[in-house]
Amino acid sequence: MVAAGQWGEPLTWTALAEMGCFGIAVAEAAGGFGGGAIEIGLMLRTLGRFLAIEPVVTAVVAGTLLSAASDAEDHIAALIEGEKRYAACFGLSDVDGRISGQVRNLSGAWGADHILAATDAGLFLIDAGVVVMTPVPLLDDTVGADFMLDAVPAVQLATGPDWSWHRNLAVARNVMARGWQAWGAMEGAVAATSEYMRTRQQFGRALGTFQTVQHRVAEMIVAAKEAESAALLGALVLEAAGPGPEAQRALAAMTARVAAAAAIVAETAVQLHGGMGVSDELDIAARFRHLQAYRLLADAEFRPTEQYIAHALDFQRHRHSALLIEG
Amino acid sequence: MDLLLDAEQRRFRDEVRTFLDERLTDELRDGQSRTIGVYPEPDLSLAWQRILLEKGWAAPTWPTKFGGTGWSPLERFIFENECAQAGAPLVYPIGMRLVAPVLMEFGSPEQQQRWLPQILSGEDYWCQGFSEPGAGSDLASLRTRATREGDSYRINGSKMWTTHAHHANRMFALVRTAETERPQQGISFVVIDLHQPGVDIRPIISIGGDHDVNQVFLTDVVIPADNLIGEENHGWTYAKYLLEFERGTGLFSGRLRASLRRAEAALNGPPSAHQQRLIAEVAMELDVFEMFELSVVGTLPNGGAPGPVSSVLKLRASRLKQTVSQLGVALLGADGVRRVPGSTEDVLITDYLNARAATIFGGAAEVQLGIIAKALGEL
């Protein structure tokens, strides 16, 4: 676990690179390990479980985007080795290879070497040195960046008929990977809370012997199990069907239910830890901040209910199984 | 787990669809859509079971040696999903999915031969004699007494909340055969023929106003000693085994989705933005539950017991049943208080009321939470 304030510590990033964390999402043809949704998910779940707050999801998105590039071997090698860092953002506009737009809270951008801008037209690489960024401390103990791009020059790395598929895959993996990370953080909270209830003595006995406490721990377990099936749903459908309407439906359902589970797990974990839960002595408070940040951003940036209405209800897909997909 | 259906699975699904197109009548479909109790009435479910039997599809959860289908979990999932989607009646599970696994695991070959074929054919209709007036969540405190008299047992006591006892000819029951310090140790698992003197079945009217459950009085009822399953005083073990199957082997997501469609069908016109949000929230929960159900049931071999995760499945299935039925009433708005007999509204309102039982029967939600805390939380 990396404590607040140590974010971006180079050794940790190198250690993650040595474990292969940054190559998993890069396609095999592009020089990566060609991991799919499940491999990416399992990595983020583990990182979430140990509350490793480095912006690995950013590297997953960057690796997915760079896989679309035809001539980016150097960048891909630098990403995988951990020599260079790439932040990724969507929703910017390009005119004649110059990128414009306003960016807020961007994870993984502060300290990055390059910004990858995924626009409608293609993938653009911006030298982070020409961007004036303002670091912003975020609720989950990471650092975000705010910046404004006004016709900033960029190198185009990818375009063509397949580009929108790659961009949609990167968007989908971003949502999917964050959900798995949140699930992992919940598993850690459940394990820590169960353990604390077994050992913490009050009224002459372990707290976990009180039925009211047992039921609240059980509700955490049930919620974490729901987060697990939500994460599985998102990853399996994305893997089976690619970044199309089925995956958008599954990812919306996944995000809504992971967020709902996160509320139960985070709030109950703090409550059952009592005074220790509201201090920074244990990692429970940090898990609470992490899961609250997930909920807020999931709702604000992804709007799962609106997504679900747009991709499922409007086509009556919700009247049929979310799982049994045509090959 | 690969979700993408391969050619063989698509062929299987098409075979199921063709079968449903050909054999599922409008009458059966309509009967299921008007079902407001926990299970359809036996004339409906047995008629469908006989049609399934002709095709060899009556017992998807059974091993093939007893007449099961030998399907993989995913095939079973596809089958249940298609049946629910088409509106087929629910096959009555008390014999098929509750007592049958106990007979297969703990019954003698003679007992298996005596009872399993009639469960499969629908000739026998079973009910579950577990709860008693004084033993609900605290099941082990049950007091219905069985006394050994030579080659038979004499039974006295009463069973409570017995679903469809008024339709059944057989009951599997937990009875006390010894007074022990731990109440669980003196319980035996027996089979009672209900068509005999001393059996008195009285209706209990449910919160929704219908007759699903009963109180069954047993006064000097005599059963042959070889109606004992397994060993005397070991019934608690068999009951726990049965409850894992009751809680953890049903496939409900297709049925819940059918209920969701039934609720939407009651709308006059397209849903408002508010109604869309209500539907989306429930449908998303249902999508995730479907994944959970498949990941639990999908990892089971045919006839396998699911273990303590069955309590999580039971809890989530029962809560979702309530959520979906509540949506049905919420979508009706002010019409959700109009109980005109035979109306669509009344079907939804009655279903909503009866759904409150889902977190009570088969072990109340609080019992499941206790099991989850101990077995999965190690508290």
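In the block above lies the structure referred to throughout.
Summary of the structure given here. Just so we're clear, the structure is a prediction, and the values are computed from it rather than from any experiment.

### Focus on the interface of chain B and chain A
- Each partner contributes to the interface: chain B provides 46 residues, whereas chain A provides 43 residues.
- For the pairing of chain B and chain A, the buried interface totals around 3,900 Å² over both sides, and the portion due to carbon and sulfur atoms is 66%.
- For the pair chain B and chain A, the interface holds six salt bridges.
- For B:Asp287, the salt bridge identified is with A:Arg249, shortest N-O distance 2.9 Å.
- The interface formed by chain B and chain A holds 17 residue pairs in polar contact (both at pLDDT 80 or more) in total.
- Where the side of chain B that touches chain A is concerned, the elements lending two or more residues are α1 (7–23), α4 (73–86), α8 (253–265), α9 (273–297), α10 (309–332) and α12 (365–375) of chain B.
- In the side of chain B that touches chain A, the residues fall into 24 nonpolar, six polar and 16 charged.

### Observations concerning the packing of helix α3 (residues 56–66) of chain A against helix α5 (residues 163–199) of chain A
Residue and element names in this part refer to chain A.
- In the contact formed by α3 and α5, the axes pass within 9 Å of each other and the chain directions differ by 160 degrees. When the interaxial angle is binned, α3 and α5 end up roughly antiparallel. In terms of crossing hand, the pair formed by α3 and α5 is right-handed. Of the residues in α5, those in contact with Val57, Val60, Val61, Thr64 and Leu65 of α3 are Trp163, His166, Arg167, Leu169, Ala170, Arg173, Asn174, Ala177, Arg178 and Gln181.

### Notes on the pairing of strand β7 (residues 211–224) of chain B
All names here are of chain B.
- Pairing between strand β3 (residues 152–159) and β7: seven bridges, direction antiparallel. Counterpart to Ser152 in the pairing with β7 is Pro224.
- The pairing of strand β6 (residues 199–205) with β7 spans seven bridges and is antiparallel. Across the sheet, Asp200 pairs through a bridge with Phe217, a residue of β7.
- Taking the residues that link successive antiparallel strands as the turn, the β6-β7 hairpin has five residues, and the phi of Gly209 there is positive, at about 95 degrees.

The rules we used
- Residue numbers here run from 1 along each chain, matching the order of that chain's written sequence.
- The order in which chains are written sets their letters, starting at A; the order in which ligands are written sets their numbers, starting at 1.
- Under the rules for a predicted model, residues below a pLDDT of 70 receive no local features and side-chain atom pairs below 80 are neither given nor counted, while totals for whole chains, interfaces and linings still include all residues.
- In computing side-chain properties, one takes all heavy atoms of the structure into account and sets aside hydrogens as well as water.
- Whether two residues touch is decided by their heavy atoms; if any such pair falls within 4.5 Å, the residues are in contact.
- A quick way to say it: buried area is the sum, across both parts, of accessible area lost when two parts are put together, with a 1.4 Å probe.
- What counts as a salt bridge is simple: a side-chain nitrogen of Lys or Arg found within 4 Å of a carboxyl oxygen of Asp or Glu.
- Any N or O atom pair separated by 3.5 Å or less is treated as a polar contact, with the protein-specific requirement of one donor-capable and one acceptor-capable atom, and with residues adjacent in sequence counted only for side-chain atom pairs.
- Comment: elements are numbered from the N terminus, with helices defined as DSSP H or I runs of at least four residues and strands as E runs of at least two.
- Side-chain classes follow a simple rule in which Ala, Val, Leu, Ile, Met, Phe, Trp, Tyr, Cys and Pro form the nonpolar group, Asp, Glu, Lys and Arg form the charged group, and the remainder, Gly included, forms the polar group.
- Fitted lines through C-alpha atoms serve as axes, helices being fitted only where they are in contact, and the angles separating the N-to-C directions of these axes extend from 0 to 180 degrees.
- Note on terminology: angles under 35 degrees are roughly parallel, angles over 145 are roughly antiparallel, angles of 65 to 115 are roughly perpendicular, and the others are oblique.
- Here a crossing is called left-handed whenever its near helix is offset anticlockwise from the far helix by less than a right angle, and right-handed whenever the offset is clockwise.
- Should DSSP find at least two bridges between two strands, the strands are regarded as paired.

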